[in-house]
Amino acid sequence: MKEKNDNLYFLEGGGEMGEMMRTMDWNATVLGPPQGWPQELRTTLDNLLGSLFPMFLFWGEELLCFYNDAYRPSLGDNGKHPHILGKAAREAWPEVWEEVVAPMTGQIISGGKSLWSENRLIPILRNGRMEDVYWTFSYSPVRDSSGKISGVLIVSSETTNAVQDKRRLTESELRFRELADHSPMWIWITDAEVNVEYANKELLEYVGIGHYKEFTGQIWVDMVHPADIDTVYSGFGEAVENKTGFALEYRVKNTNTGEYEWFMVRGAPRMENGELTGFIGTGMNVHKQRTFSEELRKEVGMRTKELSTSNARLERSNKELQSFAYISSHDLQEPLRKIQTFCSILMDSEYERLSEQGKLKFDRMQSAARRMQVLINDLLAYSRLDTESRKLETICLSSVVSEIRVELTEDISAKNAFISVKSSCNIDVVPFQFTQLLNNLVSNSLKYSKDNGQPIVEIEGKIISAADVGDSRAIKDTEYSWITVNDNGIGFDAAYSEKIFEVFQRLHGRNEYRGTGVGLAIVKKIAENHKGFVRATGRPGEGSIFEIFIPRNSPD
Amino acid sequence: MEINTIHILLVDDDEDDRVLFEEALEDLALDVRLETSENGLRAMEYLQDTKGTLPDIVFLDLNMPLVSGRECLEQIRNDEDLKTIKVVIYSTSFNLDTVMLLKNLGADGYLCKPGNYSDLKKAILTAINSIPNINDKNVDMHNFVIKP
């Protein structure tokens, strides 16, 4: 059973260590029970236990160990605590006795000055192993009333974490520098006034300075392309003012080559408590991309120009072709008309005097001249389609058919043809052009009718939506007038359904059917002039269907 | 010169057409006096010189060197002394836009040269019979274009 120390004010309180000191059996030590402890020990322990700052005391010849609660964490677990309490220093700190404790306490006890050490590495045994522990401490003497030094008080604080943090920081800083210096990009840091606080090797070498401290504002003035300097100033200025990041492209002179190269410089603001402390950023050499895209832009610009030039050329040659077609057909008309007129004079006055053979040849000559006239008229009409003024009017299909019936009276009665309108609709067209279109289609049907049987031409008109047209050429969301001309004539092979709309394409010998090969081309062109299109389907011997689609301009 | 004689001026640079026109008039056996000019410049000189005995009708070809038929028409219509002369355009071509334009410029008729002699005679006859009697400048297109 342990003896209780009574009236020991200096051992009161003190937490865990106080409790331990009170209950410890001091009789087993050289000190004997606390009642007999000298005043200076009492006073020092009173201070030690009462302090919240880590303290350690070596006492007496043996340098017996005392420490407070605040010191206790530095001893760790599975180490010196609690058994070194009251132990001699040599036994308690064998691992550092020779190196540290003996010389330092010795120096104090021999009357030397108090010692101060900062962040000193003193590895100790704790937590079951040797640990590197850093300390900041002072060693100071404890004297008795006679002035004799009887102990050494250590006020100490473990700084391992702080030292390690600092070291980690330094290491991470070093790592950053190393990383940054190996970066092919520029890496830089500035303060809030955009003074360079760091610049990596790549950047320093590019601008030709040895250390970022030489990186003054003048460097930018010297190195940035004069045309871009305003970009740099205003870009950084805005970023400072708005506390935002930025991305700027500007040219910087390469010290080695003296050439300006394009850089994409990006910066992000560094903020502390809402205040801008500077920028951290990068700079990427984008010269190749930039010059490449510039060349690309130039190339595209050049190609576009070439394209528009050739477009203009095409348009011009198209116009020239048109006027050529017009002029040539017009000028061809002149001599032809005279041939015909003189022919008609001869016909009236001299025909009877010709032999039968002569009459036959004369007839053939006249018929050839007539065909040439039809051809020239058709060509003229075809070439005029683009140049004539066009004013859209809404007209009714059935009224156009009535007009055509009159125009084609002779042909219709000669062939005993039947022309019917099954349904009618409105069409937005240039009236005389559309009349010509329908005229060409109907006369086509009459021209290519079968030798036997009555020619029947059925005309239909309906309004349908683009979706119902079922043709890629139809304009979306547009209504169409859909006109079909259906005949029971000789038809044609489906393989020619496109070809028959081309100029001078004829599917038949001239002696079989008379046609110039322009009529359907005119049909197609007129439809296209109205932003519409044509479709033809036919089967040999079974007739043809021609479909015309004209967009509605003003739906009724 | 008798009062009833119709005085015609034909302006055409094409000799064949002048001959055909002349023959047609002869065949028609009308009481006409025909003058011809081979271009617009000559025609204008002629008209300026013969003030007082102006022709009743001018048949005017369009496509001519030096002064075209159209310019000729404009000069006639802008001349106080000549503006009342009847002018019939006499051309090979028939382009609706051109026809409209000439009508607006003050032509009295448009005769498209036919490719048939008897049609030519008929058309000339129609022109001579109808044009001098037209006083209405707002004649419609149907009557403006002279058919054989």
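Fair warning: this is a prediction, and the values are worked out from it, not measured in the lab.

Caption draft 1: Just the overall build of chain A, in detail. The secondary structure content of chain A amounts to 15 helices and 19 strands. Within chain A, the fraction of its 556 residues that count as buried is 42%. For chain A, contacts bridging at least 24 residues in sequence account for 58% of all contacts bridging at least 6. About 30900 Å² of surface is accessible on chain A, with carbon and sulfur atoms providing 52% of the total.

Caption draft 2: Inspection of the overall build of chain B at higher detail. In terms of regular secondary structure, chain B is built from 6 helices and 6 strands. Along chain B, from the amino end to the carboxyl end, the secondary structure elements read β-α-β-α-β-α-β-α-β-α-α-β. Counting all 148 residues of chain B, 48% fall into the buried class. When contacts within chain B are restricted to residue pairs at least 6 apart in sequence, long-range pairs at least 24 apart make up 71% of them. Summed over its atoms, the accessible surface of chain B is roughly 7100 Å², and 46% of this surface lies on carbon and sulfur atoms.

Caption draft 3: Structural detail: the pairing of strand β4 (residues 86–91) of chain B. Residue and element names in this part refer to chain B. Counting buried positions over the 6 residues of β4 gives 6, a clear majority of the element. Residues Lys 86, Val 88 and Tyr 90 point to one face of β4 and Val 87, Ile 89 and Ser 91 to the other, with burial holding for every one of them. With 4 bridges connecting them, strand β3 (residues 57–60) and β4 associate as parallel partners. When the sheet's bridge partners are listed, Phe 59 is paired in β4 with Val 88. For the segment spanning β3, helix α3 (residues 69–77) and β4, crossover handedness is right-handed.

Caption draft 4: Molecular detail of the sheet that holds strand β2 (residues 64–67) of chain A. Residue and element names in this part refer to chain A. Here 5 strands make up an open sheet; going across it, the order is β2-β1-β7-β6-β3 and the pairing antiparallel. Two strands in the sheet have a free side with no partner beyond their single neighbour: β2 and β3 (115–121). Each neighbouring strand pair of the sheet contributes to a mean axis angle of 25°, computed without reference to strand direction. Here 5 bridges tie β3 to strand β6 (residues 134–143), and the two strands are oriented antiparallel to one another. Considered in β6, the bridge of Leu 115 is made with Tyr 139. The strands that helix α2 (residues 39–50) touches are β1 (55–59), β2, β6 and β7 (149–158); relative to β1, the one it contacts most, it runs at about 165°.

Caption draft 5: Region of interest: the sheet that holds strand β16 (residues 456–465) of chain A. Residues and elements named next belong to chain A. Spatial ordering of the open sheet is given by β14-β16-β17-β19-β18, a layout of 5 strands whose pairing is mixed. Only two strands of the sheet have a single neighbouring strand rather than two, namely β14 (418–423) and β18 (533–538). Taken pair by pair, the neighbouring strands of this sheet meet at an average axis angle of 15°, ignoring direction. Sheet topology note: the β16/strand β17 (residues 479–487) ladder contains 9 bridges and is antiparallel. Looking across to β17, one finds that Glu 458 is bridged to Asn 486. Strands β14, β16, β17 and β19 (544–551) of the sheet are contacted by helix α13 (residues 431–447), whose axis makes an angle of about 25° with β17.

Caption draft 6: Region of interest: the side chain of A:Thr105. Residue and element names in this part refer to chain A. Note on placement: Thr 105 falls in helix α4 (residues 94–109). Taking the relative accessible area as the measure of exposure, Thr 105 reaches 1% and is therefore buried. From its side chain, Thr 105 meets the backbone oxygen of Ala 102 in a polar contact 3.3 Å long. When neighbours within four sequence positions are excluded, Thr 105 is seen to be in contact with Phe 58, Leu 63, Tyr 139 and Val 152.

Caption draft 7: A look at helix α15 (residues 519–529) of chain A. All names here are of chain A. A large share of α15 lies buried, amounting to 9 of its 11 residues. Those residues of α15 lying buried are Gly 519, Leu 520, Ala 521, Ile 522, Val 523, Lys 525, Ile 526, Ala 527 and Asn 529. Residue Lys 531 follows α15 closely and has a positive phi angle near 60°.

Caption draft 8: Region of the structure containing the interface of chain B and chain A. The interface is formed by 17 residues belonging to chain B together with 15 residues belonging to chain A. A combined buried area of about 1500 Å² lies between chain B and chain A, and 50% of that area is made up of carbon and sulfur atoms. For chain B, the biggest contributors to the area lost against chain A are B:Leu20, B:Thr92 and B:Gly115; these three give 30% of the whole. At the surface where chain B touches chain A, the tally comes to 4 salt bridges. Between A:Glu334 and B:Lys113 there is a salt bridge whose closest N-O contact spans 3.9 Å. Seen at the junction of chain B and chain A, the total is 7 residue pairs in polar contact (both at pLDDT 80 or more). Those elements that provide at least two residues to the side of chain B that touches chain A are α1 (15–28) and α4 (96–104) of chain B. It is α1(B) that provides the largest number of residues to the side of chain B that touches chain A, a total of 4 residues. Its residues assigned to classes, the side of chain B that touches chain A shows 5 nonpolar, 6 polar and 6 charged.

Caption draft 9: Broad picture of the packing of helix α10 (residues 356–384) of chain A against α15(A). Residues and elements named next belong to chain A. Running from N to C, α10 and α15 cross one another at 15°; their axes reach a closest spacing of 10 Å. In terms of orientation, α10 lies roughly parallel with respect to α15. The interaxial crossing formed by α10 with α15 has left-handed handedness. Where α10 approaches α15, its residues Asp 378, Ala 381 and Tyr 382 are matched on the opposing element by Gly 519, Ala 521, Ile 522 and Lys 525. Classifying every residue of the contact of α10 with α15 gives 4 nonpolar, 1 polar and 2 charged.

Caption draft 10: The nonpolar core, seen in detail. Residues and elements named next belong to chain A. Core analysis: the largest hydrophobic core is formed by 47 residues, its most contacted members being Met 21, Phe 58, Phe 66, Trp 93 and Tyr 139. Going through the elements one at a time, α1 (15–23), α2, β1, β2, α3 (89–92), α4, β6 and β7 are the ones with two or more residues in this core. Apart from the residues lying within four places of it in its own chain, the contact partners of Trp 93 are Phe 56, Phe 58, Cys 65, Tyr 71, Leu 75, Lys 80, Ile 84, Val 101 and Ile 124. Of all hydrophobic cores here, the second largest spans 37 residues; its members include Ile 412, Ala 417, Phe 434 and Leu 446.

Caption draft 11: Fine view of the environment of A:Glu334. Its location among the elements puts A:Glu334 in helix α9 (residues 287–349). Excluding residues that lie within four positions of it along the chain, A:Glu334 makes contacts with B:Asp14, B:Asp17, B:Thr92 and B:Lys113.

Caption draft 12: Local environment of the packing of aromatic side chains. Scanning the entire structure with this criterion turns up 31 aromatic pairs over all chains. Among the aromatic residues, those joined into a ring-pair cluster are A:Phe56, A:Phe58, A:Tyr67, A:Tyr71, A:Trp93 and A:Trp135. The ring of A:Trp262 has A:Arg290 lying over it, and the distance from NZ or CZ to the ring centre is 3.7 Å. The side chain of B:Lys103 reaches across the aromatic face of B:Phe144, ending 5.9 Å from its centre.

Definitions and limits used
Residues numbered from 1 in each chain as written. Chains lettered and ligands numbered in written order. Predicted model: local features only at pLDDT ≥ 70, side-chain atom pairs only at ≥ 80, totals over all residues. Heavy atoms only, no water. Helix = DSSP H or I, 4+ residues; strand = E, 2+ residues; numbered from the N terminus. Buried < 20%, exposed > 50% of the residue type's maximum accessible area, 1.4 Å probe, protein only. Contact = heavy atoms within 4.5 Å. Areas by Shrake-Rupley, 256 points an atom, 1.4 Å probe, with all protein chains shown as cover. Pairing = 2+ DSSP bridges. Right-handed = clockwise from strand over helix to strand, strands pointing away. Axes fitted to C-alpha atoms, helices over the stretch in contact; angles between N-to-C directions. Polar contact = N/O pair within 3.5 Å; in protein donor to acceptor, adjacent residues only side chain to side chain. Buried area = accessible area lost by both parts, 1.4 Å probe. Salt bridge = Lys/Arg side-chain N within 4 Å of Asp/Glu carboxyl O. Nonpolar A, V, L, I, M, F, W, Y, C, P; charged D, E, K, R; others polar. Parallel < 35°, antiparallel > 145°, perpendicular 65-115°, else oblique. Left-handed = near helix turned anticlockwise from the far one by under 90°. Core = buried A, V, L, I, M, F, W, Y, C linked by side-chain atoms within 4.5 Å. Phe/Tyr/Trp six-rings, centres within 6.5 Å; stacked < 30°, edge-to-face > 60°. Lys NZ or Arg CZ within 6 Å of the ring centre and 35° of its normal.

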